[in-house]
Amino acid sequence: EADLDYYWDRHFKHMSAYEKKNENVYIYDLDYTTFVRPKLFTHRPRFNWSLFKFEWSYDLAWYIFWDSFLVSLFDKPLPLAEQMKREIKEGLNVGIFSARSEKWFSGLWVRLKIGKVKFVKFRPTSDNTPDHELKERYLKECLDEYSFFQWSPRILAWDDKQEIISMYKENDVEGYLVK
């Protein structure tokens, strides 16, 4: 009977990873996953004379030109942002891995738009590392830096790029692609 109790307890302790949400770690991306910047600040309007109308085309230089604190306040939350805010209110281990370049206002923006998260990683200034390598580096840094990462039964991550989700899965993280 003692052996049966041991195996019973062992089984349910293993299954607790799926029941106890407080010990899990939740990683969110920002751009096009939880927030989207209005088209006015990411797409350049061009007039097409043959069709006689304005067309909007994505332009990285235009995006960088408009990348300021005031413009960032216009970022619109997507449905996943509401889920992230609920999890923060529940006191879960929620954080952000973003490929956005770190600016003087990055921490303030997170605090105003999202709330108090447990960890935040932004791209260092003048770092051109590909996104999937950058976020893998973030993951390794967090495993060394935060004890709740090391002892977490599950690490869940959301991103809008397939190569990043593949990287998460290679590192034993449950990755969810957001479209």
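Details of the structure are given in the entry above.
Note that the structure is a prediction, hence the values are computed from the model and not measured.

Draft legend 1. Quick peek at the side chain of D29. With respect to the element layout, D29 can be found in the loop between β1 (25-28) and β2 (35-36). Looking at D29, its side chain comes within polar contact range of the side chain of T33, at 3.1 Å. Residues in contact with D29, not counting those within four places in the same chain, are T34, F97, S98, A99, K135, W158, D159 and D160.

Draft legend 2. View of the pattern of salt bridges. In the structure shown here, the tally under the stated rule is 13 salt bridges. Ionic pairing is found between D75 and R37, a salt bridge with its closest N-O pair at 2.7 Å. A residue pair is termed long-range when its members are at least 10 positions apart, and D75 in the loop between α4 (69-72) and β5 (76-77) and R37 in the loop between β2 and α2 (39-42) qualify at 38 residues. Look at D75 and you get buried, because its relative accessible area is 2%.

Draft legend 3. A look at the sheet that holds strand β7 (residues 119-123). Strand order in this open sheet of five strands is β7-β6-β1-β8-β9, and the pairing throughout is parallel. Among the strands making up the open sheet, the edge pair consists of β7 and β9 (174-177). Across the sheet, the axes of successive neighbouring strands diverge by a mean angle of 15 degrees, strand direction being ignored. As paired elements, strand β6 (residues 93-101) and β7 share four bridges and run parallel to each other. Bridge pairing links I96 to V120 in β7. Across the sheet, helix α7 (residues 131-145) is in contact with β1, β6, β7 and β8 (155-159); its angle to β6 comes to roughly 145 degrees. The strands that helix α9 (residues 162-170) touches are β1, β6, β8 and β9; relative to β9, the one it contacts most, it runs at about 165 degrees.

Draft legend 4. Just the packing of aromatic side chains, in detail. Applying the stated rule across the entire model yields 17 aromatic pairs. Note on F97 and Y138: the rings are 5.4 Å apart at their centroids and 65 degrees apart in plane angle, and the pair reads as edge-to-face. With F97 in strand β6 and Y138 in helix α7, the pair connects residues that are 41 residues apart, well separated along the chain. As far as burial versus exposure is concerned, F97 and Y138 are alike and both buried. Members of the aromatic cluster, each reached through a chain of ring pairs, are F97, F119, Y138, Y146, F148 and F149. Over the face of the ring belonging to W109 we find R100, whose NZ or CZ atom lies 4.7 Å from the ring centre.

Draft legend 5. Broad picture of the pairing of β8. The buried fraction of β8 is high, at five of five residues. As judged from the four bridges shared by β1 and β8, these two strands associate in the parallel manner. The residue bridging Y28 from the neighbouring strand is W158, located in β8. Sheet topology places β8 next to β9; four bridges connect them, and they run parallel. By the bridge assignment for β9, D159 is matched with L177. This β-α-β element, β8 to α9 to β9, shows right-handed connectivity.

Calculation rules
- By convention here, each chain's residues receive numbers from 1 onward along its written sequence.
- Confidence filtering applies because this is a predicted model: local features only for residues at pLDDT of at least 70, side-chain atom pairs given and counted only at 80 or more, and all residues used for totals across whole chains, interfaces and linings.
- Where side-chain values are given, they derive from all heavy atoms of the structure, hydrogens and water being excluded.
- A run of H or I in DSSP becomes a helix once it reaches four residues, and a run of E becomes a strand once it reaches two; helices and strands are each numbered from the N terminus.
- Counting of polar contacts relies on pairs of N or O atoms within 3.5 Å, with two restrictions inside protein: one atom must be capable of donating a hydrogen and the other of accepting it, and residues adjacent in sequence are counted only when both atoms are side-chain atoms.
- Note on contacts: a residue pair is in contact if any heavy atoms of the two residues lie within 4.5 Å.
- The working definition used for a salt bridge is a side-chain nitrogen of Lys or Arg within 4 Å of a carboxyl oxygen of Asp or Glu.
- A 1.4 Å probe rolled over the protein chains alone gives each residue an accessible area, and that area as a share of the maximum for its type sets the label: buried under 20%, exposed over 50%, partly exposed in between.
- Paired strands, as defined in this entry, are two strands with at least two bridges between them according to DSSP.
- Interaxial angle, 0 to 180 degrees, is taken between N-to-C directions of lines fitted to C-alpha atoms, where a helix line uses only the stretch in contact.
- In this scheme Phe, Tyr and Trp rings, the latter by its six-membered ring, pair at centre separations within 6.5 Å, and the angle between planes marks the pair as stacked below 30 degrees, edge-to-face above 60, and tilted otherwise.
- Here, a charge over a ring means that NZ of Lys or CZ of Arg falls within 6 Å of the ring centre while also lying within 35 degrees of the ring normal.
- Handedness of a crossover: with both strands directed away from the viewer, a clockwise path from the first strand across the helix to the second marks it as right-handed.

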